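# Summary of structural features
So you can see what is in the structure, the chains are spelled out below.
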Amino acid sequence: MAERHRLAVDGVVQGVGFRPFVYGLARRCGLVGYVRNDSAGVLIEVEGDVAALAEFAHALRTQAPPLARVETVRRDVLPAVGYRSFSIETSRAGAMRRTLVAADTATCDDCLREVLDPGDRRYRHPFTNCTNCGPRFTTVEDVPYDRERTTMSVFPMCPECRSEYEDPENRRFHAQPNACPRCGPKLSLVDTTGRPVEEVDIIAAAARLLSAGAIVAVKGLGGFHLACDATDTEAVSRLRGRKHREHRPFALMAPDLAAVEAICEVDGAERALLLSPRRPIVLLRARERVSIASAVAPGQRYLGVMLPYTPLHHLLLRAVKRVLVMTSGNLSDEPIAHEDADALGRLAGIADYFVMHNRAVHMRCDDSVTRVVAGGERLVRRSRGHVPEPLVLSRPVGRPLLACGAELKNTFCLAKGNRAFLSHHIGDLENYETLRSFTGGIEHFKRLF
């Protein structure tokens, strides 16, 4: 006997390949109906044999895509209506907002293979991504999470990318940042006045500048980094002086795990954190007599190191072939620069050159910082890779709450139901720019959640 089940799915289920997963699962189970995004999450109607419906419901929770997180599935049993096939419907916006936005995620192995394959159409494309990786939180403007509500809306897809995007069997099905060299964002290299530096290969040119001792501002997922050769004592000291950062250590980015292990002691838990899709800065005990300039972390026994987490980082680190300082693009105590004009205005006295691109960063977001203590992870700064995934509360709050945090090292938190949405790192609220980041972040979280 056939039944129809309406399933409302909450959790991280948009922008993570959940709809094509549902589509394939329904077809394997011999079910008909539809799936669509809405402001509350994902809505599914499936119709068919009772045993097949039970198999579908079990797999929905246990076999979801790697970036998905199914929190609740609410089910209504309804009379069959005679659907003829299973389809993916257009998203619908609504007043109720329960859907979760995924965090920015490091480049997956499949995408990295394409970036490094001379025979692939995405060879050396610095913005390659799929439903399993790439920008999410820093590009999303509103929910439901569809391309027109992200900063990728200004890049019309070429026919090949559109074909991938519309194919439920493709890993780029409804990957909202999907693009290629033909239709996607473009890199530029400019000097401190914003004048383009004419180069055929911008990444190779940036690598040459870094190797020659220049300080280069690099636009990443959540804003700008300031980069220099971590083995060049003069360059690191110059960066420290220009940034007005007297003692606090700089973060490092290494080309690969072997380069990290050459300068730091790394155990199994630390290795797992370095390689995780969140790609945080991991605090590691420095080895004796390494080539890293002492000015990177004056008087410290630990170094904060991360691995590349975007195709641009992978290409740049492979070209420069050394460990780079990769610190937040700001003056001491200011928020990280994330808009091009603001970066040129605030960082021109620090950086010698800028590697920029024309994909806007909607929400600035610093790197997360973590360490291993007694075999377990202890977050020092919860930001990129974690935010805006909520913390689940042991009991729901009676009404929506805003907690504003402290003046120093500020984060804010919005709580609704049994979820607490802890913000990305804001910083010290002692200047107007940081206050704008604080209030703007609160409004953005309110709009999304």
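See above for the structure.
Okay, so let's go over this structure. Given the structure is predicted, the values throughout are model-derived calculations rather than measurements.

## So, the overall build of the protein
Scanning the protein from terminus to terminus reveals 11 helices and 19 strands. Relative to its length of 449 residues, the protein is compact, with a C-alpha radius of gyration of 23 Å against a globular reference of 22 Å. Oriented by its inertia axes, the alpha-carbon framework of the protein measures out at about 75 × 55 × 40 Å. The buried share of the protein, reckoned over its 449 residues, is 56%. Considering only residue pairs separated by 6 or more positions, the protein has 70% of its internal contacts joining residues 24 or more positions apart. When the accessible surface of the protein is summed, it comes to about 18900 Å², and 51% of that surface belongs to carbon and sulfur atoms. Side chains of the protein carry 61 positive and 54 negative charges; the gap between the two charge centres is 2 Å.

## Some thoughts on the pairing of strand E8 (residues 224-229)
Summarising burial for E8: 6 of the 6 residues are buried, a large majority. One ladder, built from 4 bridges, connects strand E7 (residues 216-219) with E8; its direction is antiparallel. Across the sheet, Val-216 pairs through a bridge with Ala-227, a residue of E8. Counted along the chain from E7 to the antiparallel partner E8, the turn is 4 residues long, and its residue Gly-223 has a positive phi close to 145°. Here 5 bridges tie E8 to strand E12 (residues 324-328), and the two strands are oriented antiparallel to one another. The residue bridging Cys-228 from the neighbouring strand is Val-325, located in E12.

## Thoughts on the sheet that holds strand E9 (residues 251-253)
With respect to topology, 10 strands assemble into an open sheet ordered E6-E13-E7-E8-E12-E9-E11-E10-E14-E15, the strand pairing being mixed. Looking at strand neighbours, the two that pair on one side only are strand E6 (187-191) and strand E15 (376-381), the edges of this open sheet. Shown here is a sheet whose adjacent strand axes are inclined to one another by a mean of 35°, direction ignored. Here E9 runs beside E12; their pairing, made up of 2 bridges, is antiparallel. When the bridges of E12 are listed, Met-253 appears paired with Leu-324. Its contacts with the sheet put helix H8 (residues 268-275) on strand E10 (281-285), strand E11 (302-306), strand E14 (369-373) and E15, and the angle it makes with E10 is roughly 150°.

Rules used throughout
- Residues numbered from 1 in each chain as written.
- Predicted model: local features only at pLDDT ≥ 70, side-chain atom pairs only at ≥ 80, totals over all residues.
- Heavy atoms only, no water.
- Helix = DSSP H or I, 4+ residues; strand = E, 2+ residues; numbered from the N terminus.
- Rg over C-alpha atoms; globule rule 2.2 N^0.38 Å.
- Buried < 20%, exposed > 50% of the residue type's maximum accessible area, 1.4 Å probe, protein only.
- Contact = heavy atoms within 4.5 Å.
- Areas by Shrake-Rupley, 256 points an atom, 1.4 Å probe, with all protein chains shown as cover.
- Lys, Arg positive; Asp, Glu negative; His and termini not counted.
- Charge placed at Lys NZ, Arg CZ, Asp CG, Glu CD.
- Pairing = 2+ DSSP bridges.
- Axes fitted to C-alpha atoms, helices over the stretch in contact; angles between N-to-C directions.

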